[in-house]
Amino acid sequence: NAGVTQTPKFRVLKTGQSMTLLCAQDMNHEYMYWYRQDPGMGLRLIHYSVGEGTTAKGEVPDGYNVSRLKKQNFLLGLESAAPSQTSVYFCASTPNVGQGGQPQHFGDGTRLSIL
Amino acid sequence: LAKTTQPISMDSYEGQEVNITCSHNNIATNDYITWYQQFPSQGPRFIIQGYKTKVTNEVASLFIPADRKSSTLSLPRVSLSDTAVYYCLVESGAAGNKLTFGGGTRVLVKP
């Protein structure tokens, strides 16, 4: 059982290039999230999805797009990378939400540098 | 939206108990309090979650007073491997409210 898997683990881009980060979970979770973490700071939510085919904006969505075509995958896209998007990106998932709270399961991150 | 405040850092020694207090003054009725641990180059990992009073598992205890405006994570008899950043998060029953973890508390365990 792999849990939440993120690919790639590391990537260096030039300003203006595009790329897609992939998050895959094998726990049949409904909810998935993309966060970014900058040095010495906590995580900030970029986008999230409450189910296949649905996405919504989080706290810092500008410059990113997402898609959830399959339940197990959540893709984060950068159409035109900027140096300000240099960060570590984390994906997380939860079974669903409702009464009782649902702790998040995280991947180990994608370290992205934009020159 | 419940914001959390916790100390930036704490030092301890092996074998001691570490207590980290988090304040969350505007916690809502349906919100839960969750603590995560993060090691360098890894994603946060769930430690413990609670709603009120006391919760204990094999690695930690969580104390929540009746007004729920704060919570305290207790790590008994820490070891060097407990050196990490600990995040307090108020998690709502509705998706999308898991917005900001805050800076976390950096715990350094010394020999």
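Above this text is the structure in question.
Along each chain, the written sequence defines residue order, and numbers are assigned to residues from 1. Each chain gets a letter, beginning with A, and each ligand a number, beginning with 1, in the order they are written. Only residues with pLDDT of at least 70 get local features here, since the model is predicted, and only at 80 or more are side-chain atom pairs given and counted; chain-wide, interface and lining totals rely on the full set of residues. The side-chain figures draw on all heavy atoms in the structure; neither hydrogens nor water molecules are used.

**With respect to the pattern of salt bridges**
Link 1 in the chain: When a carboxyl oxygen of Asp or Glu lies within 4 Å of a side-chain nitrogen of Lys or Arg, that pair is called a salt bridge. For the structure shown, the criterion picks out five salt bridges over all chains.
Link 2 in the chain: Measuring nitrogen to oxygen at the nearest pair gives 2.6 Å for the salt bridge that ties R44 of chain A to D38 of chain A.
Link 3 in the chain: With its nearest N and O atoms 3.3 Å apart, the salt bridge here joins D11 of chain B to K110 of chain B. Of this pair, D11 of chain B sits in strand β1 (residues 9-13) while K110 of chain B sits in strand β9 (residues 105-110), and the two are 99 residues apart along the sequence.
Link 4 in the chain: A single network of salt bridges, built from pairs that share partners, joins R36, D38 and R44 of chain A. Secondary structure elements follow DSSP: runs of H or I of four or more residues count as helices, runs of E of two or more count as strands, with numbering from the N terminus.

**Topic: the pairing of strand β5 (residues 43-51) of chain A**
Residues and elements named next belong to chain A.
Link 1 in the chain: Only protein chains enter the area calculation, which uses a 1.4 Å probe; residues under 20% of their type maximum are buried, those over 50% are exposed, and those in between are partly exposed. Counting buried positions over the nine residues of β5 gives seven, a clear majority of the element.
Link 2 in the chain: Whether two strands pair comes down to DSSP finding at least two bridges between them. As paired elements, strand β4 (residues 31-37) and β5 share six bridges and run antiparallel to each other. Within β5, the residue paired with Q37 across the bridge is L43.
Link 3 in the chain: In sequence, β4 turns back onto β5 through a hairpin of five residues, with G40 there showing a positive phi of about 70°.
Link 4 in the chain: Summarising the sheet, β5 and strand β6 (residues 54-57) pair through three bridges and their orientation is antiparallel.

**Notes on the sheet that holds strand β6 (residues 61-64) of chain B**
Residue and element names in this part refer to chain B.
Link 1 in the chain: Strand order across the open sheet formed by four strands is β2-β7-β6-β5, with antiparallel pairing between neighbours. Across the chains shown, the open sheet's two edge strands, defined by having one partner strand only, are β2 (18-23) and β5 (53-56). Averaged over neighbouring strand pairs, the angle between their axes works out to 15° when direction is ignored.
Link 2 in the chain: In terms of strand pairing, β2 meets strand β7 (residues 70-75) through six bridges, oriented antiparallel. In the sheet register, T21 faces β7, and the bridge partner there is T72. Here the axes come from fitting lines to C-alpha atoms, over the contacting stretch only for helices, and the angles between their N-to-C directions go from 0 to 180 degrees.

**Observations regarding the side chain of S74 of chain B**
Residues and elements named next belong to chain B.
Link 1 in the chain: Relative to the helices and strands, S74 resides in strand β7.
Link 2 in the chain: Residues adjacent in sequence count toward polar contacts only when both atoms are side-chain atoms; beyond that, a polar contact is any pair of N or O atoms within 3.5 Å, and within protein one must be able to donate a hydrogen and the other to accept it. A polar side-chain atom of S74 sits 3.0 Å from a polar atom in the side chain of N19.
Link 3 in the chain: Contacts: residue pairs with any heavy atoms within 4.5 Å of one another. Not counting residues up to four positions away in its chain, the partners in contact with S74 are E17, V18, N19, A60, S61 and F63.

**Some points on the nonpolar core**
Link 1 in the chain: One finds I20, W35, L73, L75 and Y86 of chain B to be the most contacted residues of the largest nonpolar core, which totals 20 residues.
Link 2 in the chain: Elements that contribute at least two residues to this core include exactly β2, β3 (32-38), β4 (45-50), β6, β7, β8 (84-91) and β9 of chain B.
Link 3 in the chain: The greatest single-element share of this core, amounting to four residues, is contributed by β8 of chain B.
Link 4 in the chain: Sequence-distant contacts of L75 of chain B, that is, excluding residues within four places in its chain, are made with Q16, E17, V18, V59, A60 and Y86 of chain B.
Link 5 in the chain: Joining through side-chain atoms within 4.5 Å is the link that ties buried Ala, Val, Leu, Ile, Met, Phe, Trp, Tyr and Cys residues into a set, and such a set is a nonpolar core. One finds M32, Y64, Y89 and I114 of chain A within the second-largest nonpolar core, a separate group that totals 19 residues.

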